[in-house]
Amino acid sequence: MRIARIAHPQGMSFARLEGDGPGATAAEIDGHPFAGVKLTGQRWALDDVRLLAPVIPSKIVCIGRNYAEHAEEQGAEVPSEPLLFLKPSTAVVGPGDPVTVPTVADDIEHEAEMAVVIGLPGARKVSREAARQAILGYTCANDVTARDLQKRDGQWTRAKGFDSFCPLGPWVETDLDTHDAEIRCEVNEEVRQLDSTKSMVFDPASIVAYISQVMTLLPGDVVLTGTPAGIGPMNAGDKVSISVAGIGTLTNQVVASE
Ligand code: MG
């Protein structure tokens, strides 16, 4: 099932997306989708609504160096346990929203990632098996990074925390086999990153269980599972598309700071 958050003529709602192509519709979900999906009966043509970021997380927990070839291109070791950092919720933007290059950064890079979306009841000190039950579904993410600031600061909060530095979408796919899903980043239709989630060092359930020993994951929270090799520049004017097979494609335009 595809769950989106949409802006429609009457306001904003979560919606279940049905069908593909010209006949695709968005069926309004009553309230939120975290405790099971109940529809209101209201329905719009997909063309008549705008897709928003599929969730509004309380926090975004990210995993660094979860693909060996990416760790290598960064001149870093593969960590022996998941390497955690946070992005602020204010970094989230949706499909089609601009990513703004901050004036203080010169070297903005894309990181294509599969993102985990947490459902009810959340996850606190859960086992790997229970972590699987805590996952609502998966979406695409771009862990946009100001590489120059990341190197200069010695830690990553500023480099990864600017407004618009966490595009999410286009929707949450609840039925996805994450063992071998192709993950890809294209910049202006040129393939920059291409790998499979099978190259991950730590799998989604292990990551969620690990994070939950540290901090409670709430429904709607998002976990970014790391990027494959091939990171590279995003400049103003570029169109950046992140795809995970079985989910869809998240596209954002890069714009210069005003
Ligand atoms: Mg990353």
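Residue numbers here run from 1 along each chain, matching the order of that chain's written sequence. Per-residue local features of the predicted model are confined to residues with pLDDT of at least 70, and side-chain atom pairs are confined, for both listing and counting, to 80 or more; whole-chain, interface and lining totals are unaffected and use all residues. Side-chain measures here rest on the full set of heavy atoms in the structure, leaving out hydrogens and waters.

Caption draft 1: Structural context of the overall build of the protein. A run of DSSP states H or I qualifies as a helix once it reaches four residues; a run of E qualifies as a strand once it reaches two. Both are numbered from the N-terminal end. For the protein, the helix and strand inventory stands at 5 helices and 20 strands. The globule rule puts the C-alpha radius of gyration for 258 residues at 18 Å, and the 17 Å found for the protein is close to it. Considered along the principal axes of its C-alpha atoms, the protein spans approximately 55 × 45 × 30 Å. When a residue's accessible area, from a 1.4 Å probe over protein chains only, is under 20% of the maximum for its type it is buried; when over 50% it is exposed; and in between it is partly exposed. A buried classification covers 53% of the 258 residues belonging to the protein. We take the radius of gyration over the C-alpha atoms and set the globule estimate at 2.2 Å times the residue count to the 0.38 power.

Caption draft 2: Highlighting the environment of Ile231. With respect to the helices and strands, the residue Ile231 is situated in the loop between strand S17 (222-224) and strand S18 (232-233). On the basis of relative accessible area, Ile231 is assigned to the buried category, the value being 16%. Between the C-alpha atom of Ile231 and that of Val144, which follows or precedes it by 87 residues, the distance is 10.0 Å. Whether two residues touch is decided by their heavy atoms; if any such pair falls within 4.5 Å, the residues are in contact. Residues within four places of Ile231 in sequence aside, it is in contact with His70, Glu73, Gln74, Glu109, His110, Glu111, Arg147 and Gln193.

Caption draft 3: A look at helix H5 (residues 204-212). Here H5 lies mainly inside the structure; 7 of its 9 residues are buried. The complete set of buried residues in H5 reads Pro204, Ala205, Ile207, Val208, Ala209, Ile211 and Ser212.

Caption draft 4: A look at the coordination of the magnesium ion. Here a donor is any nitrogen, oxygen or sulfur atom (N, O, S) within 2.8 Å of the metal, with 3.2 Å used for Na, K and Ca; water is not among the atoms considered, so some sites may look incomplete. Bound to the magnesium ion are the protein donor atoms Glu111 (OE), Glu113 (OE) and Asp143 (OD), situated 2.0 to 2.1 Å from the metal. Sequence positions of the donors to the magnesium ion reduce to the motif E-x1-E-x29-D. Taken together, the positions of Glu113 in strand S11 (residues 112-118) and Asp143 in the loop between strand S12 (135-142) and strand S13 (145-146) put the pair 30 residues apart, joining distant regions of the chain. Assessed through its relative accessible area of 1%, Asp143 is described here as buried.

Caption draft 5: Highlighting the pattern of salt bridges. A pairing counts as a salt bridge when a side-chain nitrogen of Lys or Arg comes within 4 Å of a carboxyl oxygen of Asp or Glu. For the structure shown, the criterion picks out 18 salt bridges. Of the charged contacts in the structure, one is a salt bridge between Arg2 and Asp20, with a shortest N-O distance of 3.3 Å. Taken together, the positions of Arg2 in strand S1 (residues 2-8) and Asp20 in the loop between strand S2 (11-18) and strand S3 (25-29) put the pair 18 residues apart, joining distant regions of the chain. Here Glu18 makes a salt bridge to Arg43, at a shortest N to O gap of 2.3 Å. Placement of Glu18 in strand S2 and of Arg43 in strand S4 (residues 39-45) is noted, with a sequence separation of 25 residues between them. Salt bridges sharing common partners tie together Lys87, Glu109, Glu111, Asp143, Arg147 and Lys160.

Caption draft 6: Examining the sheet that holds S18 more closely. The strand order S13-S10-S18 describes an open sheet built from 3 strands, whose pairing is antiparallel. The strands lining the two open edges of the sheet, one partner per strand, are S13 and S18. Criterion used throughout: strands pair if DSSP finds at least two bridges between them. Pairing geometry for strand S10 (residues 108-110) and S18, over 2 bridges, is antiparallel. Directly across from Glu109, in S18, lies its bridge partner Pro233.

Caption draft 7: Local environment of the layout of surface pockets. Throughout, the protein atoms alone are placed on a 1 Å grid, and a set of points is a cavity if a 1.4 Å probe fits but cannot get out or a pocket if it is open with protein on both sides within 12 Å along at least five of seven lines; lining residues have an atom within 4 Å of a point. Grid points are joined across faces, edges and corners, and a volume is the space filled by probe spheres set on the points. Approximately 250 Å³ is the volume found for the largest pocket. Residue lining of the largest pocket: 17 residues in total, with Arg65, Gln74, Arg147, Gln150 and Trp156 positioned closest to the centre. When contributions to the lining of the largest pocket are tallied by element, the ones reaching two or more residues are strand S6 (60-64) and helix H3 (147-153). Top contributing element to the lining of the largest pocket by residue count: H3, with 3 residues. Estimated volume of the second largest pocket: approximately 200 Å³. Taken together, 13 residues form the lining of the second largest pocket, with Arg128, Thr178, His179, Asp203 and Pro204 sitting closest to its centre.

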